[in-house]
Amino acid sequence: MRKNIVAGNWKMNNDLADTKTLVSELVDIEKTSNAEVMIAPTFTNLLEASKALKNSEIEVVAQNMHFAKNGAYTGEISATMLKSVGVNTVILGHSERREYFNEDDALLKQKVDTALENGMRIIFCFGEKLEDRKSGNHTHVVKSQIKNALFHLPEGSWKSIVLAYEPVWAIGTGETATPAQAQEMHLFIRNLALEAYNLSVADDVSILYGGSVKPENAKEIFSNSDVDGGLIGGAALNAESFMAIVNAF
Ligand code: PGA
């Protein structure tokens, strides 16, 4: 049975003091839903956040990771480094990584393999740009992003994969996919998993929606049968709005 998940992607926001404050505000708000909750602070604050949330229901996850085990990769962070500070889940393939840091499917495939070799769980992001949506190419784009980075995996690895559909035109823009657009794409994605694997992989994989999810629209988006949660950017930077989204389930 797939899980409902709400993950907050803090991106390049919040220094150490802000992180401590936001984490303490989050634990003070009652969680009334069954959703798994994750937050992704920046690398420098992962240790502090995972210490502070050790006995809570909130999991601390990373926003990125390098594919190599270790070595001469100045400025990069490895899977074992993340694990050593209590982080067992990593976001890979976010559209900002694809767009500004030239991360392509081949690189992401390597990162996926490394994360899995290290026993980590992955939130794998993908989504079409506005021009793809306008030209009717959106399903084709999404299919190739998923296929190229994930469909080489054996069935057993899928228990460690969470998918996050994030249409690029909806990220940070205030524009959200309509519930119908989200449901249509999520069903398409689940059917891809069904074709490539089988019913149990397709049924069990959580597919999150990301792109301007707010307390005001979360319930409607999450009410779709194939939407199993959200990856939240801007609205995750405020404890009350993030927990309102968590509690929208
Ligand atoms: P947003 O970001 O909620 O600010 O649109 C979502 C994301 O990038 O994961």
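S.K.: Now, about the site of the ligand: what can you tell me, with residues and values included?
M.R.: Around the ligand, the structure places 13 residues, and the nearest of them are Lys11, His94, Glu166, Gly172 and Ser212. In the model, an oxygen atom of the ligand is placed 2.7 Å from a nitrogen or oxygen of the histidine 94 side chain. Take glycine 234: an N or O atom from its main chain is 2.8 Å from an oxygen atom of the ligand. Contact with the protein chains covers 95% of the free accessible surface of the ligand, which is 290 Å². Grouping the amino acids of the shell around the ligand by side-chain chemistry returns four nonpolar, seven polar and two charged.

S.K.: Pulling in residues and values, what's your account of the packing of helix 1 (residues 16–28) against helix 11 (residues 239–246)?
M.R.: One can describe the packing of helix 1 onto helix 11 by two numbers: an axis separation of 9 Å at closest approach and a directional angle of 40°. The orientation of helix 1 relative to helix 11 falls into the category oblique. When the axes of helix 1 and helix 11 are compared, the crossing they make is right-handed. Residues Leu22, Glu25 and Leu26 of helix 1 form the contact with helix 11, whose own contacting residues are Ala239, Phe242 and Met243. Grouping the constituent residues of the contact of helix 1 with helix 11 by class yields five nonpolar, no polar and one charged.

S.K.: Can you lay out the environment of valine 60 for me, pointing to particular residues and giving the numbers?
M.R.: One can find valine 60 in strand 3 (residues 58–60). Discounting residues that sit within four places of it in the chain, valine 60 has contacts with Ile39, Pro41, Leu46, Ala49, Ser50, Leu53, Gly86, Val87 and Asn88.

S.K.: For the sheet that holds strand 3, give the residues involved together with the corresponding values.
M.R.: Read from one edge of the open sheet, eight strands run 3-2-1-8-7-6-5-4, paired in parallel fashion. Each edge of the open sheet carries a strand with a single partner, namely strand 3 and strand 4 (89–92). Neighbour-to-neighbour, the strand axes of the sheet open up by a mean angle of 25°, direction not taken into account. Contacts from helix 7 (residues 138–150) reach strand 5 (121–126) and strand 6 (161–165), with the element oriented near 150° to strand 5. On top of the sheet, helix 8 (residues 179–196) reaches strand 5, strand 6 and strand 7 (207–210); it is set at about 145° to strand 7, its chief contact.

S.K.: Now, about the environment of serine 225: what can you tell me, with residues and values included?
M.R.: Summarising the element assignment, serine 225 is placed in the loop between helix 10 (215–222) and strand 8 (229–232). By relative accessible area, serine 225 is classed as exposed at 52%. Remark: the alpha-carbon pair of serine 225 and isoleucine 39, spanning 186 residues in sequence, is separated by 24 Å.

S.K.: Quick rundown of helix 8? Include the residues and the values.
M.R.: With 18 residues, helix 8 should reach 26 Å at 1.5 Å per residue; the first-to-last C-alpha distance of 26 Å fits that figure. Those residues of helix 8 lying buried are Ala182, Gln183, Met185, His186, Ile189, Arg190, Leu192 and Ala193. The inward-facing, buried residues of helix 8 abut strand 5, helix 6 (130–134), helix 7, strand 6, helix 9 (199–204) and strand 7.

Reading guide: rules and limits
Residues numbered from 1 in each chain as written. Predicted model: local features only at pLDDT ≥ 70, side-chain atom pairs only at ≥ 80, totals over all residues. Heavy atoms only, no water. Near = heavy atom within 4 Å. Polar contact = N/O pair within 3.5 Å; in protein donor to acceptor, adjacent residues only side chain to side chain. Areas by Shrake-Rupley, 256 points an atom, 1.4 Å probe, with all protein chains shown as cover. Nonpolar A, V, L, I, M, F, W, Y, C, P; charged D, E, K, R; others polar. Axes fitted to C-alpha atoms, helices over the stretch in contact; angles between N-to-C directions. Helix = DSSP H or I, 4+ residues; strand = E, 2+ residues; numbered from the N terminus. Parallel < 35°, antiparallel > 145°, perpendicular 65-115°, else oblique. Left-handed = near helix turned anticlockwise from the far one by under 90°. Contact = heavy atoms within 4.5 Å. Pairing = 2+ DSSP bridges. Buried < 20%, exposed > 50% of the residue type's maximum accessible area, 1.4 Å probe, protein only. Expected span 1.5 Å × (residues − 1).

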